[in-house]
Amino acid sequence: MSAQPEEAPAPPAPAAAAQLLAQLRGDRRADTWVPAFERDWAKALEDSRHSYSLTPVHDVVRAWQMRVAAAPAVDAYLDSGRDETGFVDLDDVLGARR
């Protein structure tokens, strides 16, 4: 029997944050992504310090890994001309927001 629930994702590798930061620094979006990652990382470290849990740190690494992985798809979409003619406005579906 495991002390961790089966649905819990495995923690990132110990060097994942450093590798991710190096990858972000080499990206064309570095001017905006690096400060955002550093801000998220600092907050996660502070939260971890108070909670005695590494979960906030792991969550930041996972979120940024997903952003980096999704970037090529986002770029392809933006480069395609962003044809949104087949989509419905969310306000039309949900109605006016209060």
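Quick summary incoming for the structure in this document. For clarity, every value in this text was computed on a predicted model and none was experimentally measured.

**Quick notes on the side chain of R29**
- As for its placement among the helices and strands, R29 is situated in the loop between helix 1 (16-25) and helix 2 (30-51).
- The contact partners of R29, leaving out residues within four places of it in the chain, are A71 and D75.

**Section: the packing of aromatic side chains**
- In total, this model carries 3 aromatic pairs according to the counting rule given.
- Judged by centre distance (6.0 Å) and plane angle (15 degrees), the ring pair of F37 and W41 falls under stacked. With F37 and W41 both in helix 2, this residue pair falls 4 residues apart, about one helical turn.
- Three or more aromatic residues joined by ring pairs form one cluster here, namely W33, F37, W41 and W64.
- We note R67 situated over the ring of W64; from NZ or CZ to the ring centre the distance is 4.6 Å.

**Let's talk about the side chain of R62**
- You can see R62 is positioned in helix 3 (residues 55-79).
- A polar side-chain atom of R62 sits 3.0 Å from the main-chain carbonyl oxygen of A10.
- Engagement of the side chain of R62 in a polar contact is seen with the side chain of D59, the distance being 3.4 Å.

Definitions and cut-offs
Residues numbered from 1 in each chain as written. Predicted model: local features only at pLDDT ≥ 70, side-chain atom pairs only at ≥ 80, totals over all residues. Heavy atoms only, no water. Helix = DSSP H or I, 4+ residues; strand = E, 2+ residues; numbered from the N terminus. Contact = heavy atoms within 4.5 Å. Phe/Tyr/Trp six-rings, centres within 6.5 Å; stacked < 30°, edge-to-face > 60°. Lys NZ or Arg CZ within 6 Å of the ring centre and 35° of its normal. Polar contact = N/O pair within 3.5 Å; in protein donor to acceptor, adjacent residues only side chain to side chain.

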